[in-house]
Amino acid sequence: MKVLLVNGSPHREGCTYTALCAVSGALNKNGINTDVFWIGNKPLSGCIACHQCTALNRCVLQDSVNDFLALAGDYDGFVFGSPVHWGGASGALTSFLDRAFYADLNGGGKRFLLKPASAVISARRAGTTATWDQINKYFGLMQMPIITSRYWNMVHGTTPEEVRLDWEGMQTMEMLGSNMAYFLKCREVGSKLGIPMPTQEPFVYTNFIRE
């Protein structure tokens, strides 16, 4: 089993990366392999609503979103990390998640279905819980079980060194990794026992306008 940790910060090895490494270390201790995927610091467009992903099963725009989608199907769980920018997730990660999840959903929804996911948030001070709520909404729409820790998944600091001094935050990251490992092992046992995946019914789309 393996988990992909997605670094949504423009800094490759900054505070968000430091938090993700703590999660990764706990997963590794529990026998789960991990990789880190950095979304990069080049401009990422938001979704342009062209719906080409329905036929392509990827985004029509070629950048790190498609690099991620090409890998995602091989992983059993995901952790998405973001710094707080203006009280929410980074603009780049928001665009990344919008396009990655929409492309998968329109293309058949096979990469993420019922795979556990977590959000990890890094900030100097505030905006962490709002960002956590924001990212968790993606998981809810993608039928991804949300893994939590003993506190909200956040660390505080302006440098990696300061983040490492946030002992409670780092312990929260470690507990998160252990909890995800436990969930993955339980899921594996269920699969070996022959417990089937839930039947996926056709989508029913409605709006709030009725004649």
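Thresholds applied
- Residues numbered from 1 in each chain as written.
- Predicted model: local features only at pLDDT ≥ 70, side-chain atom pairs only at ≥ 80, totals over all residues.
- Heavy atoms only, no water.
- Helix = DSSP H or I, 4+ residues; strand = E, 2+ residues; numbered from the N terminus.
- Expected span 1.5 Å × (residues − 1).
- Buried < 20%, exposed > 50% of the residue type's maximum accessible area, 1.4 Å probe, protein only.
- Contact = heavy atoms within 4.5 Å.
- Polar contact = N/O pair within 3.5 Å; in protein donor to acceptor, adjacent residues only side chain to side chain.
- 1 Å grid on protein atoms, 1.4 Å probe; cavity = no way out; pocket = protein on both sides within 12 Å on 5 of 7 lines; lining within 4 Å.
- Points joined across faces, edges and corners; volume = space filled by probe spheres on them.
- Nonpolar A, V, L, I, M, F, W, Y, C, P; charged D, E, K, R; others polar.
- Salt bridge = Lys/Arg side-chain N within 4 Å of Asp/Glu carboxyl O.

Peer 1: Before we move on, could you go through helix H4 (residues 91-106) and cite the residues and values that matter?
Peer 2: For an α-helix, 3.6 residues make a turn, and residues three or four places apart therefore share a direction. For H4, which comprises 16 residues, the first-to-last C-alpha distance of 22 Å matches the rise-based estimate of 22 Å (1.5 Å per residue) to within 8%. Of the positions making up H4, those classed as buried are Leu93, Ser95, Phe96, Leu97, Arg99, Ala100, Phe101, Ala103 and Asp104. Residues of H4 that are buried sit in contact with strand S1 (2-7), strand S2 (33-38), helix H2 (53-56), helix H3 (64-72), strand S3 (77-85) and helix H5 (128-141).

Peer 1: Describe H3, with residues and values.
Peer 2: Within H3, burial applies to Ser64, Val65, Asn66, Phe68, Leu69 and Ala72. On the buried face of H3, the contacting elements are S1, S2, S3 and H4. Its side-chain oxygen 3.1 Å from the backbone nitrogen of Val65, Asp63 forms the N-cap of H3.

Peer 1: Report on empty space enclosed by the protein, specifying residues and quantitative values.
Peer 2: Tallying each qualifying case throughout the model produces 1 cavity of 30 Å³ or more. Element by element, the count of residues in the lining of the largest cavity is highest for H4, at 3 residues. Classifying every residue of the lining of the largest cavity by side-chain character gives 9 nonpolar, 2 polar and 1 charged.

Peer 1: With reference to specific residues and values, describe the pattern of salt bridges.
Peer 2: Summed over the entire model, instances satisfying the criterion amount to 3 salt bridges. Between Arg99 and Asp63 there is a salt bridge, and its shortest N-O distance comes to 2.9 Å. One end of the pair, Arg99, is in helix H4; the other, Asp63, is in the loop between H2 and H3, with 36 residues separating them in the sequence. Asp63 carries the same exposure label as Arg99, and that label is buried. A salt bridge links Asp104 to Arg111; the shortest N-O distance between them is 3.0 Å. Judged by relative accessible area, which is 1%, Asp104 ranks as buried. For Arg111, a relative accessible area of 12% translates into the label buried.

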